[in-house]
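# Overview (structure and organization)
Each chain is listed here by its residues.
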Amino acid sequence: MAGPSLGTNDLMILLVLMRLGDDAYGVTIAREIEETTRRPVALASVYATLDRLVERGFAVSELGEPTAERGGRAKKFFRITGKGVREVRAAKQSFVKLWKDLPQLG
Amino acid sequence: MRLRQPPRFAGRLLKRLVPAQEHDALLGDLHEEYQRGRSVAWYCLQILAAIVVRSLKDVRANPLAAARAVITGLLAQMFLLSLFSSLENILTGGGYIWGSRWIGLPWYWHWPYARSLYTVMQGIWIAGNVIIGWLIVRLHRAHGLTGVLVYCCVISALRAAGLLQIARITHWSPDFLILLIGAVNGQIREWILLIAGGYLATRTAKTA
């Protein structure tokens, strides 16, 4: 079976989608990444990664309702697919194997 | 609760410069964060990041269009340089080269202009770069400013390669550093003019 084909950003976003569940859209995803990595995030780069994941079938998107708080624009919610979960699982297995028993990591 | 209005020009700029993509969800997110207290500077930086990220996405999706934009810019640049050279001959030498022949012009072709030659050549350089930017976007309108941005990166890379050669030959002498400062200054001005020309050629999302 072929190994995972996810980049670091792809994997991070998929994990965030799993954490956020139904509340995963641009703002919440970016905020979760910022809180975890303690680095500022460009929303456009989050969307670029999400679009790539949707194209590859690892996530799906759907539009919510427009609100005045968003200038009359709808939220775009994202959800991880079964294929995405399998890719994350495969990535976890690979990383756990590679990280195991490394003296530098204690 | 009174809603704060984010800078409208920023959103319009994004739609105008990268027209091939859907921006509503992103703009909605930025609007929402702005309501939560983010600053105008934050909003504008996010828009700038979006222009760059989405332009890169456009290039990856349409590499041939990007290559065509660069070729258009390079050909227009070559024409501009030969025009420069001809005009300089006319304004200083009172004539121009046609094939292998020198065509002399009456004295009044170069007498009044020689005094303000630098101003005239600067004006031509400015107008020429604006026209190049305008031409690239006009011929690739569906991609907005992407073509101009790619062209700017390519010519900067070519000039940087040339400067590196000079640096090696001169062993990074003080004279070279002065040349480098001038080159960087010129490159920044060229970028501004090319982008300004490209911006003039874009149309609003409503009329596109």
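Data block above holds the structure.
The following paragraphs examine the structure supplied in this document. (Residues numbered from 1 in each chain as written. Chains lettered and ligands numbered in written order. Predicted model: local features only at pLDDT ≥ 70, side-chain atom pairs only at ≥ 80, totals over all residues. Heavy atoms only, no water.)

## Considering the interface of chain B and chain A
Listed by partner, the interface residues are 21 residues for chain B and 21 residues for chain A. Buried surface at the junction of chain B and chain A, both sides included, amounts to about 1,700 Å², of which 54% is carbon and sulfur. Considering only the surface of chain B that becomes buried against chain A, Ala25, Asp29 and Glu32 of chain B emerge as the three largest contributors, covering 27% of it. Put simply, chain B and chain A have 6 salt bridges between them. For Asp24 of chain B, the salt bridge goes to Arg73 of chain A, with nearest N and O atoms at 3.7 Å. (Contact = heavy atoms within 4.5 Å. Buried area = accessible area lost by both parts, 1.4 Å probe. Salt bridge = Lys/Arg side-chain N within 4 Å of Asp/Glu carboxyl O.)

## Describing helix α4 (residues 82-99) of chain A
Residues and elements named next belong to chain A. Helix length check: α4, at 18 residues, gives a terminal C-alpha distance of 26 Å against a target of 26 Å (1.5 Å per residue), a fit within 8%. Among all positions in α4, only Gly84, Glu87, Val88, Ala90 and Ala91 are buried. One side of α4 holds all its buried residues, which, seen down the axis, span an arc of 165°. Seen from the buried face of α4, the exposed residues on the opposite side, beyond 90 degrees, are Arg86, Arg89, Lys92, Gln93 and Lys97. For α4, the secondary structure elements touched by its buried residues are α1 (8-20) and β2 (73-80). In the stretch just after α4, Asp101 is the one whose phi turns positive, near 60°. (Helix = DSSP H or I, 4+ residues; strand = E, 2+ residues; numbered from the N terminus. Expected span 1.5 Å × (residues − 1). Buried < 20%, exposed > 50% of the residue type's maximum accessible area, 1.4 Å probe, protein only. Arc of directions from axis to C-beta.)

## A few points about empty space enclosed by the protein
Any empty space left between the atoms is revealed when a probe the size of a water molecule rolls over them. Residue and element names in this part refer to chain B. Under the defined criterion, the tally for this structure stands at 2 cavities of 30 Å³ or more. Each pocket or cavity is described by its volume, and for the largest cavity that value is around 60 Å³. In terms of lining, the largest cavity is formed by Asp58, Val59, Asn62, Ala65, Ala66, Ala69, His140, His143, Thr146 and Gly147. A per-element tally of the lining of the largest cavity places helix α4 (residues 63-93) first, with 3 residues. Of the residues belonging to the lining of the largest cavity, the class tally is 4 nonpolar, 5 polar and 1 charged. In this structure, the second largest cavity spans a volume of roughly 50 Å³. (1 Å grid on protein atoms, 1.4 Å probe; cavity = no way out; pocket = protein on both sides within 12 Å on 5 of 7 lines; lining within 4 Å. Points joined across faces, edges and corners; volume = space filled by probe spheres on them. Nonpolar A, V, L, I, M, F, W, Y, C, P; charged D, E, K, R; others polar.)

## Looking at the packing of aromatic side chains
Residues and elements named next belong to chain B. For the coordinates displayed, the defined rule picks out 5 aromatic pairs over all chains. Ring geometry for Tyr34 versus Tyr43: centroids 5.7 Å apart, planes at 70°, classification edge-to-face. Grouping residues by exposure puts Tyr34 and Tyr43 together as buried. Judged by centre distance (5.3 Å) and plane angle (85°), the ring pair of Trp172 and Phe176 falls under edge-to-face. We classify Phe176 as buried; its relative accessible area is 3%. Above the face of the Tyr34 ring, Arg4 is positioned so that its terminal group lies 3.9 Å from the ring centre. (Phe/Tyr/Trp six-rings, centres within 6.5 Å; stacked < 30°, edge-to-face > 60°. Lys NZ or Arg CZ within 6 Å of the ring centre and 35° of its normal.)

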